[in-house]
Amino acid sequence: MPEEIIRTLSVDGVRYSYRVLPHASGGTPATEPALVLGGALQGMYGWPQMDDHLGPATDVVTADLPGMGSADPLPPGPSADLLRRAVLRIADDLGASRMNLFGFSYGTAIAFGFAQRHPERVARLALGGVPVHIGAAQVERWERGRELLAGGDREGFAALAADALMCLDPERPVHRRELARRYVRRSFLHALAHSPHAADSLHRALADRPDFSGGLSGVPALVFAGEHDTVTAPERQREFAATIEGSRFLTIDESDHWVVLERAVEVAELVARFFTEGAPASAPVSLPRQAGAPAGRS
């Protein structure tokens, strides 16, 4: 396994980091670097399945964007533009004229917004679990979650958040449902205990209404949803996909919003196949190790 590289950047004085796992096969990669952008509390070490499936083909890039993980907290006010510029800084620092982008859940708004503004920098765009429409019941549940957090009830919030993001209807089969449910709860608790601004990041994710309007053209795109996604129904996500010229849409069986956990291998293989279509990239990315940056996981 190649040694990962950690780089620290800043945008508007906000420090954040990204990680590069150089592709494992040596020589010229099969496609452009692949940047993975996840949910509100999913940082740079939350995607081992993408390392495994994309790593042999290309450089895998993950990040603690502003407000996430080890990064500085987001400043007051709207954050969408700052996060898009943070992604652009990563592309520039990589020296990558184009990247493959994979956005999941909260990360889909960042990836889609970046592709709209910089289509020339995006080779392919994959989006999963797009929260294009949040219904009244979801809003009410998350408001309750914010009250629990404000009152210091982390356990209560983690349980509510996990349940809110999953399909618990026993009549609708979900692969590894209970395992995913326990994992999501633990992940929320771990983030709240170890990141000083995790609660603020969650407030931002819940309060900010991402904009998925405006369509997109000129970027090959794939949109997928778990067939039982209760955050945004697959039909709504299909309607969103139709605003992207030439996009493909599919649903994945026996999964809900947490399809990346319940069907981790299937999602990783799907995204890897999509990103490796077409001509090989022109050259591998090679970064010097940044002075003072850690060489691996902490």
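As shown above, the structure is provided for reference.
Nothing here was measured: the structure is a model prediction, and the numbers come from that model.

Right, let's talk about the overall build of the chain for a bit. From N to C terminus, the chain includes 10 helices and 8 strands. Looking at the 298 residues of the chain, the share that counts as buried comes to 53%. A sequence separation of at least 24 residues applies to 73% of the contacts in the chain between residues at least 6 apart. About 12,700 Å² of surface is accessible on the chain, with carbon and sulfur atoms providing 51% of the total.

What follows deals with the packing of helix α2 (residues 80-94) against helix α3 (residues 106-117). At a minimum axis distance of 9 Å, the contact between α2 and α3 shows a crossing angle of 70 degrees. As far as their axial angle goes, α3 and α2 are roughly perpendicular. Touching Leu83, Arg84, Val87 and Leu88 of α2 are Tyr106, Ile110, Gly113, Phe114 and Arg117, all from α3.

Relative to the assigned elements, Ser70 resides in the loop between β4 (60-64) and α2. Residue classification places Ser70 among the exposed residues on the basis of a relative accessible area of 56%. Distance in space between the C-alpha atoms of Ser70 and Ala198 is 9.9 Å, their sequence separation being 128 residues. A polar atom in the side chain of Ser70 sits 2.8 Å from the side chain of Asp64.

Attention now goes to the nonpolar core. In this structure, Leu65, Ile90, Leu125 and Leu127 are the most contacted members of the largest nonpolar core, which totals 47 residues. For Ile90, the contacting residues outside a window of four places in its chain are Leu9, Tyr16, Tyr18, Val61, Ala63 and Leu65. Among the nonpolar cores identified, the runner-up in size contains 41 residues, and Phe104, Trp142, Leu165 and Ala268 belong to it.

In the contact formed by helix α4 (residues 136-150) and helix α5 (residues 154-164), the axes pass within 9 Å of each other and the chain directions differ by 165 degrees. By the criterion of interaxial angle, the relationship of α4 to α5 is roughly antiparallel. Along this stretch, α4 crosses α5, giving a crossing that reads as left-handed. Of the residues in α5, those in contact with Gln138, Arg141, Trp142, Arg144, Gly145, Leu148 and Leu149 of α4 are Gly156, Phe157, Leu160, Ala161, Asp163 and Ala164.

Quick look at the side chain of Asn100 now. Looking at the secondary structure, you find Asn100 in strand β5 (residues 99-104). Residue class for Asn100 comes out buried when judged on its relative accessible area of 0%. Of note is the side chain of Asn100, whose polar atom sits 3.2 Å from the side chain of Arg124. With residues near it in sequence (within four places) discarded, Asn100 still touches Thr31, Glu32, Pro33, Ala34, Leu35, Ala123, Arg124 and Phe275.

Quick look at helix α8 (residues 234-241) now. For α8, every residue scored as buried is listed here: Pro234, Gln237, Phe240 and Ala241. When α8 is viewed along its axis, its buried side chains cluster within an angular range of 110 degrees and face the same direction. Away from its buried face by more than 90 degrees, α8 exposes Glu235 and Glu239. In this structure, the buried side of α8 is in contact with α3, β6 (122-128), β7 (221-226) and β8 (248-252).

Now for the pairing of strand β1 (residues 5-11). For a regular strand, the rule is simple: side chains alternate between the two faces of the sheet. With 5 of its 7 residues buried, β1 lies for the most part within the structure. As paired elements, β1 and strand β2 (residues 14-21) share 7 bridges and run antiparallel to each other. Note that in β2 the partner of Leu9 across the bridge is Tyr16. In textbook terms, the turn of a hairpin is the stretch between consecutive antiparallel strands, and for β1 and β2 this stretch comprises 2 residues, one of which, Asp12, has a positive phi near 55 degrees.

Our focus in this paragraph is α5. Buried residues of α5: Phe157, Ala158, Leu160, Ala161, Ala162, Asp163 and Ala164, and no others. Of the residues that open α5, the one with a side-chain oxygen 2.8 Å from the backbone nitrogen of Gly156 is Asp153.

As for its position among the elements, Val87 is in helix α2. The spacing of Val87 and Leu35 is 52 residues in sequence and 8.9 Å in space, taken between C-alpha atoms.

Turning to the pairing of β4, a few remarks are in order. The element β4 is extensively covered by neighbouring structure, given that 5 of its 5 residues are classed as buried. Pairing between β2 and β4: 5 bridges, direction antiparallel. Within β4, the position partnered with Leu21 by the bridge is Val60. Examined bridge by bridge, strand β3 (residues 34-37) and β4 share 3 bridges and lie parallel to one another. Bridge pairing in β4 places Ala34 opposite Val60.

Conventions we followed
Residues numbered from 1 in each chain as written. Predicted model: local features only at pLDDT ≥ 70, side-chain atom pairs only at ≥ 80, totals over all residues. Heavy atoms only, no water. Helix = DSSP H or I, 4+ residues; strand = E, 2+ residues; numbered from the N terminus. Buried < 20%, exposed > 50% of the residue type's maximum accessible area, 1.4 Å probe, protein only. Contact = heavy atoms within 4.5 Å. Areas by Shrake-Rupley, 256 points an atom, 1.4 Å probe, with all protein chains shown as cover. Axes fitted to C-alpha atoms, helices over the stretch in contact; angles between N-to-C directions. Parallel < 35°, antiparallel > 145°, perpendicular 65-115°, else oblique. Polar contact = N/O pair within 3.5 Å; in protein donor to acceptor, adjacent residues only side chain to side chain. Core = buried A, V, L, I, M, F, W, Y, C linked by side-chain atoms within 4.5 Å. Left-handed = near helix turned anticlockwise from the far one by under 90°. Arc of directions from axis to C-beta. Pairing = 2+ DSSP bridges.

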